[in-house]
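# Fold and geometry: a report
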Amino acid sequence: MKYTLILSLMLLPILATAQVKQQNMNNSTNNPLLCDLETGICEIADSDVNENSKTLKDEAQKKIKIIYYTDPICSSCWGIEPQLRKLKLEYGKNIEVEYRMGGLLPDWSYNRGGISKPSDVAHHWDEVSEYYDMPIDGDIWFEDPLNSSYPPSIAFKAAELQSKEKALLFLREIREMVFLQKKNIAKWENISLAAQKVGLDVHRLQEDYEGKAKTLFSEDLQLGRKLGVRGFPTMYFVDSEGKYETIYGSKPFGVYEQTLKKLQPKVEKNQINKNWNNLFTQYQTLTSREFAELSGMPRNETDAYLQKLVENGELTQIASKNGSLWKKK
């Protein structure tokens, strides 16, 4: 299904209001890697809004389209994985998520918010990990820091040229690499390793990475500027008539659900089989927080429950500094 994305003047009042609020909140700490825990946004620097912006519209869309601006190293985006995965499971027949890369970290040619070098990010990531209850090891910024988030972003666009499904597996893989395994996903050796693991053609990926994918990434950045995207995660929920709702930052699952229902009041929820085996069949890996969100199990009970499955030989535990990832054997 092809979509036509049109920008309209209707977007300007909403974006202008959001920008004023974000500028007030983050004026003293505006830095792409210093995510605001209160708003759940990793803000990018100096995003220029196109004064001729037009409205988001999809001409032939029956599903609700979610245009999701993200970045492979955005810690707040990692923080909303539990909610996003649940939204896909419960409303997957009614939504289509279009991933757009926003360019969180072009390079290190700036000094804002107390962050001027990679090591300054380490402590912040540990704080974010505790806040979102998602495993993130900030020590990567001491041991093997990334010089930019552009390489993995371009690699994702290259992966999409092969397969949308495998591209999402690839995005998940590189996020697990950077947040848990402390691997520098700006390096081709790690990008190619992730691509191979999810079944992508690595040779073709490299060709597209050096060619078409750069153009697609540039288009994402240009569209983001026109829409006034200032941070991640940012999601635009758009219906077939061009009506839309915008969600900035990390929010509880209910906010995403109610936003969907606002645009499509009669949307029907798919009942999830909450058995652990089914959940790990749907998703290859789950964090403790993700398992709690999907299963409905109280968070303070999940680790002991999952550990028992490890002891019974059903799961494998991948431990990190600030939490675990669980995988079906």
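Cut-offs and rules
- Residues numbered from 1 in each chain as written.
- Predicted model: local features only at pLDDT ≥ 70, side-chain atom pairs only at ≥ 80, totals over all residues.
- Heavy atoms only, no water.
- Buried < 20%, exposed > 50% of the residue type's maximum accessible area, 1.4 Å probe, protein only.
- Helix = DSSP H or I, 4+ residues; strand = E, 2+ residues; numbered from the N terminus.
- Pairing = 2+ DSSP bridges.
- Disulfide = S-S within 2.5 Å.
- Axes fitted to C-alpha atoms, helices over the stretch in contact; angles between N-to-C directions.
- Contact = heavy atoms within 4.5 Å.

Burial runs high along helix α3 (residues 81-91): 10 of the 11 residues are buried. When we look at burial in α3, the residues that qualify are Glu 81, Pro 82, Gln 83, Leu 84, Arg 85, Lys 86, Leu 87, Leu 89, Glu 90 and Tyr 91.

Sheet analysis places strand β8 (residues 315-320) next to strand β9 (residues 323-328), joined by six bridges and oriented antiparallel. Paired with Ser 320 across the two strands is Gly 323, which belongs to β9. Counting the residues between successive antiparallel strands, the hairpin from β8 to β9 contains two residues.

For the structure on display, the rule yields one disulfide. Disulfide pairing is shown between Cys 35 and Cys 42; the S-S distance is 1.8 Å. Handedness of the Cys 35-Cys 42 disulfide follows from its S-S torsion of about 90°: it is right-handed. Each member of the pair Cys 35 and Cys 42 is classed as buried.

Judged by pairing direction, the sheet is mixed, and its four strands sit side by side in the order β3-β2-β5-β6 without closing on themselves. At either margin of the open sheet sits one strand with a lone partner, and together these are β3 (95-101) and β6 (244-248). Strand after strand, the sheet turns through a mean of 15° between neighbouring axes, direction not considered. Relative to β3, strand β2 (residues 64-70) runs parallel, the two being bridged by seven bridges. Within β3, the position partnered with Ile 66 by the bridge is Val 97. Lying over the sheet, helix α10 (residues 212-227) contacts β2, β3 and β5 (234-238), oriented at roughly 100° with respect to β3.

Attention shifts here to the sheet that holds strand β7 (residues 285-287). If you trace the three strands from one edge of the open sheet to the other, you get β7-β9-β8, paired in antiparallel fashion. Lying at the two open borders of the sheet, with one neighbouring strand each, are β7 and β8. Along the sheet, successive strands turn relative to each other by an average axial angle of 25°, direction set aside.

Following Phe 232, the chain continues to Pro 233 via a peptide bond in cis, the omega torsion being 0°. Structurally, Pro 233 can be placed in the loop between β4 (231-232) and β5. The backbone of Asp 133 sits at a positive phi, close to 55°, despite the residue not being glycine. Counting through the fold element by element, Asp 133 comes out in the loop between α4 (121-132) and α5 (140-143). The exposure class assigned to Asp 133 is partly exposed, which follows from its relative accessible area of 30%. Its identity as a non-glycine residue notwithstanding, Lys 182 has a phi of 60°, on the positive side. Here Lys 182 is to be found in the loop between α7 (164-179) and α8 (188-197).

Once that is clear, we can look at the side chain of Asp 208. Mapped onto the secondary structure, Asp 208 falls in helix α9 (residues 202-209). Other than its neighbours up to four places away in sequence, Asp 208 contacts Ala 158, Leu 161, Ala 213 and Lys 214.

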